[in-house]
Amino acid sequence: MHLPMDLWVVVPAYDEERSIGATLRRLAEQTDTGFSLVVVDNGSTDDTARIVKEFAAESAPFDVRIVHEPEKGTGAASDTGVRHAISAGATHIARTDADCLPHRDWIAAVRRAFGEGLELVSGPLLPRTDEFPLKFWERRLLPAVIDLAALFGRFRPGNQDPAYLGPYVMMPGCNLAITADLYERAGGFPRTRIEEVHEDRALVNRVRYVTDAYGLRKDVVMYGSVRRLRAFGLVKTLGWYADHRYMPDVVDIR
């Protein structure tokens, strides 16, 4: 017998006034809107917070909260959001980013995965097609870059430890869902900046120490921005995901 699921979605956001509106609208268009939303304003200097507040007041079909995290970093902001949700009663938390569009069945698919007994779940990350006209190579290369990063991760020394209870699985932070119980048992996202640590990989490895109940599901689909690939180029993007072997002067691509 499964206990009732109190599902929350966490969206960290920093200066995302141009993107977050589309993300919010896609969340409102979910086939399953039985969740609560917390947006973590990570010290934005633009109209990100105003856009979220207007969405909450005018068109949100679910409860929307906005919390502020002055400590800069995707890890810090994500951890603040998840812990806020848990303190408000969340039993399960999904995370995406403010430049991403969840498939309209994303929430329903996440709920199905939890119903199958998974405690941590992710799925495909595909390129957005609405952001700006995609070139053929961009449309094809974002999935290829992700696949290469996943392959590298399987052999990366930092992902090897006899104490791990299951294999390494790449789970992008923008398409990830976890139970509140596992989040607390594993220690959660490290409170870091993205240029310091890929917080999603760190969370996966923390989880691997305490359970093997994690996995990928093909129907948990997210559409991500290609702005980093466009700004960095293919080789440098691969270097970025491979332990920050490429580190640009400006990390925040807007």
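Residues numbered from 1 in each chain as written. Predicted model: local features only at pLDDT ≥ 70, side-chain atom pairs only at ≥ 80, totals over all residues. Heavy atoms only, no water.

Strand pairing in a sheet is mediated by backbone hydrogen bonds. Such pairs are either parallel or antiparallel. Reading across from one edge, β5-β10-β7 is the order of the 3 strands in this open sheet, with mixed pairing throughout. Only two strands of the sheet have a single neighbouring strand rather than two, namely β5 (101-102) and β7 (125-127). (Pairing = 2+ DSSP bridges. Helix = DSSP H or I, 4+ residues; strand = E, 2+ residues; numbered from the N terminus.)

Bringing unusual backbone geometry into the picture now. Residues other than glycine seldom take positive phi values, yet aspartate 15 does so here, at roughly 50°. Relative to the helices and strands, aspartate 15 is located in the loop between β1 (7-13) and α1 (20-28).

With that out of the way, let us pick up the pattern of salt bridges. Evaluated as defined, the whole model comprises 18 salt bridges. Among the ionic pairs, aspartate 47 bridges to arginine 50, the shortest N-O distance being 3.4 Å. By relative accessible area, which is 38% here, arginine 50 ends up partly exposed. Look at the salt bridges and you will find they share partners, linking Glu69, Glu71, Asp79, Arg83 and Arg191 into a network. (Salt bridge = Lys/Arg side-chain N within 4 Å of Asp/Glu carboxyl O. Buried < 20%, exposed > 50% of the residue type's maximum accessible area, 1.4 Å probe, protein only.)

Bringing the pairing of strand β3 (residues 64-68) into the picture now. Note that strand β2 (residues 36-41) and β3 share 5 bridges and pair parallel. Residue leucine 37 lies in a different strand from β3, and its bridge partner there is valine 64. Viewed along the sheet, the connection from β2 through helix α2 (residues 48-58) into β3 turns out right-handed. (Right-handed = clockwise from strand over helix to strand, strands pointing away.)

Evaluated as defined, the whole model comprises 4 aromatic pairs. Seen from their ring centres, tyrosine 164 and tyrosine 209 are 4.6 Å apart, and the 45° between their planes marks the pair as tilted. Placement of the pair is tyrosine 164 in the loop between α5 (136-155) and β8 (176-179) and tyrosine 209 in the loop between α7 (199-208) and β9 (214-216), with a sequence separation of 45 residues. Classification of tyrosine 164 as buried rests on a relative accessible area of 12%. On the accessibility criterion, tyrosine 209 (39% relative accessible area) is partly exposed. The cationic tip of lysine 72 hangs over the ring face of tyrosine 14; the distance from NZ or CZ to the ring centre is 4.6 Å. (Phe/Tyr/Trp six-rings, centres within 6.5 Å; stacked < 30°, edge-to-face > 60°. Lys NZ or Arg CZ within 6 Å of the ring centre and 35° of its normal.)

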